[in-house]
Amino acid sequence: MDITFDHVSFTYQAGTPFAGEGLRDVSTTISDHSYTAIIGHTGSGKSTLLQHLNALLKPTSGSVTIGDRVITAETNNKNLKPLRQKVGMVFQFAENQLFEQTVAKDIAFGPKNFGASDDEAAALAKQMVTLVGLPEEVLTQSPFDLSGGQMRRVAIAGVLAMQPQVLVLDEPTAGLDPAGRRDMMTMFERLHETQGLTIVLVTHQMDDVADFADHVLVMDQGALIKEGSPREIFADPDWLRAHQLGLPKATAMAEQLMAKGFRFDPLPLTSDELADQLLPQIGGAHHE
Amino acid sequence: MTEAIQIDHLSYTYPDATHPALADVSLDIAQGEWVAIIGHNGSGKSTLAKNINGLLAPTSGQVTVAGLPLTEENIWDIRAKVGIVFQNPDNQFVGATVADDVAFGLENRGMPRDEMIVRVDDALEQVNMSAFSSREPARLSGGQKQRVAIAGIIAQRPDIIILDEATSMLDPAGRLEVLQLIQALRERQSLTVLSITHDIDEAASADRVIILNDGAIKESGTPAEIFARGPELIELGLDVPFAERLKHALISRGVNMPAHYLDEEGLVNYLWTLHSTM
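Reference entry: report on the structure contained in this document. As a convention, each chain's residues are numbered from 1 in the sequence order in which they are written. Written order determines the labels here, with chains lettered from A and ligands numbered from 1. Whole-chain, interface and lining totals are the exception, using all residues; otherwise, since this is a predicted model, local features are given only for residues with pLDDT of at least 70 and side-chain atom pairs are given and counted only at 80 or more. Only heavy atoms go into the side-chain values, all of them from the structure, while hydrogens and water stay out.

Let's talk about the sheet that holds strand β2 (residues 22-30) of chain B
Residues and elements named next belong to chain B.
Inference 1: In this analysis, strands are considered paired if DSSP registers two or more bridges between them. A run of H or I in DSSP counts as a helix once it spans at least four residues, and a run of E counts as a strand once it spans at least two, with each numbered from the N terminus. Pairing is antiparallel in the open sheet, where 4 strands are placed in the order β2-β1-β4-β5. Either end of the sheet is taken by a strand with one partner, and the two such strands are β2 and β5 (68-69).
Inference 2: Relative to strand β4 (residues 60-65), strand β1 (residues 3-12) is paired through 5 bridges, and the arrangement is antiparallel. Bridged to S11 within β4 is S60.

A word on the nonpolar core
Inference 1: For this analysis, a nonpolar core means a set of buried residues of the types Ala, Val, Leu, Ile, Met, Phe, Trp, Tyr and Cys, connected via side-chain atoms within 4.5 Å. Type-normalised accessible area, obtained with a 1.4 Å probe on protein chains alone, sets the label of each residue: buried when under 20%, exposed when over 50%, and partly exposed for intermediate values. With 51 residues, the main nonpolar core has A:I107, A:L160, A:L167, A:F188 and A:F234 as its most contacted residues.
Inference 2: Counting residues per element, this core draws most heavily on helix α5 (residues 148-160) of chain A, which supplies 7 residues.
Inference 3: Dropping the residues within four chain positions of it, A:F234 is found in contact with A:M206, A:V209, A:A210, A:L240, A:G246, A:L247, A:P248, A:T251, A:L267 and A:L269.
Inference 4: Of all hydrophobic cores here, the second largest spans 50 residues; its members include B:V98, B:L170, B:L179 and B:V209. A contact between two residues is defined here by any heavy atoms of the two lying within 4.5 Å.

Structural notes on the sheet that holds strand β6 (residues 87-90) of chain A
Residue and element names in this part refer to chain A.
Inference 1: If you walk across this open sheet you meet the 6 strands as β6-β7-β8-β3-β9-β10, and the pairing is mixed. Each edge of the open sheet carries a strand with a single partner, namely β6 and β10 (223-228). The mean angle between the axes of side-by-side strands here comes to 20°, regardless of whether they run parallel or antiparallel.
Inference 2: Pairing of β6 with strand β7 (residues 166-170) involves 4 bridges; the strand directions are parallel. Considered in β7, the bridge of V87 is made with V166.
Inference 3: Each of β6 and β7 touches α5; the most contacted strand, β6, lies at about 165° to it. A fitted line through C-alpha atoms serves as each axis, taken over the contacting stretch for helices, and the angle formed by two N-to-C directions is quoted from 0 to 180°.

Things to note about the side chain of B:N74
Inference 1: Tracing the backbone through its elements, the reader meets B:N74 in the loop between β5 and α2 (75-81).
Inference 2: If near-sequence neighbours (up to four positions away) are discounted, B:N74 is found in contact with B:L68 and B:P69.

See below:
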């Protein structure tokens, strides 16, 4: 299911003295089965863009086509439910949304809202808890007795239980420890590969962009100022710095090495790429 | 050297828990020292912080802060000396404006208004937020919010600041803002800093890094000594510094690399030596 933005602008509190521009003339396509990263500093319009992916916000002008549904300023709020089922949103600190007495009930809440029977919802809960890498024992526990990382997995299982085609993740690893971050990102990669989910990831972690995404959107002041593959986006460090954006650590390190006299082509994005390109320049293996 | 914090055989078990959260921890932190405490989730880091300012009372053992044993009589004197900056800036705002918020702790102590105004202005200036004094805290960026939270603490002129994962919810720019501020504050006044963190840059800023595991001190050393542990750091609750990651990527490709920790500059220079002697 593709999601296409066609000249989308969005104004907050339009028609009031507090009107503010959230998006300016954004046109792009998030392709089916892609892993798209959205980057940009705080206030660049990332969250506003996200909320257009399942019609939580509707464009002030232009249109968003989500699968076969076209959303414009005139779209009625009725019958948006199928869209919300197809595009699952995991908000920042998703664990704050847990509320039920048991993990099983919390995960089953979404599917039941979308018409699943108790048995179907319970079966989904069991399936999803495994999918996010938690033991089945947690199903009968209170979500509030789990660790922060586990609670976040339960919240994600609740979104997955609605069996979406697109999973939207707003800084899903914020506040987790490094091992928790790594496990969480590995889980999304697995969902992308084995379940065929389209992933849309908002992040400040450029290493995650380099490691996982195949397409990158760069937002600034509500506008889409650049898009392309991670390699294309990170090929111009000066441009990124000018827009207050960081580099993957390997790319930043390569820059330091280039200042000494090393050469890299293309600019490496990961430690493995950097090591591969360094090897012939330091005399290869078994150097004394 | 004067000790800012002395922890002597401290154990703590939560009510109804079978396993102690802290088991026989002994640790001295010198005045003016910056100590980073790392450890994976559940290792006892936050429990330790709460035992230092008396939010929790030790099951056994003794905590001494600025020469005062932590007892019921001393607890308010000790809390006046120890300020904690928590993880989520949104959970610690009470004032309608930035200045009101910074004044809150002083009002609680019944400080005269004239002195309070001076302290609030001074604290906001130190964190470089004077221009925002009449703004609404909710409308600030994450880094600005944490700077205001820090102003609220330094207005009370504490001897010790505990950063309890204070940068973990910030974007990279916000994290850098807060770390630079803490550095600058330490240069201006003798401040003891205890940071509980998963952040490699924050740990690198410290004089000493302590690894907590299962409620006990597993290891203690300079950042360079601890960072030389390489890939296993991630199991200890810290990210692997990029220079270490690259070093290990080269080792796995058959390159001989030094065992000791190299920071990025050190690694660049080492690799350049290899290149020049090719």
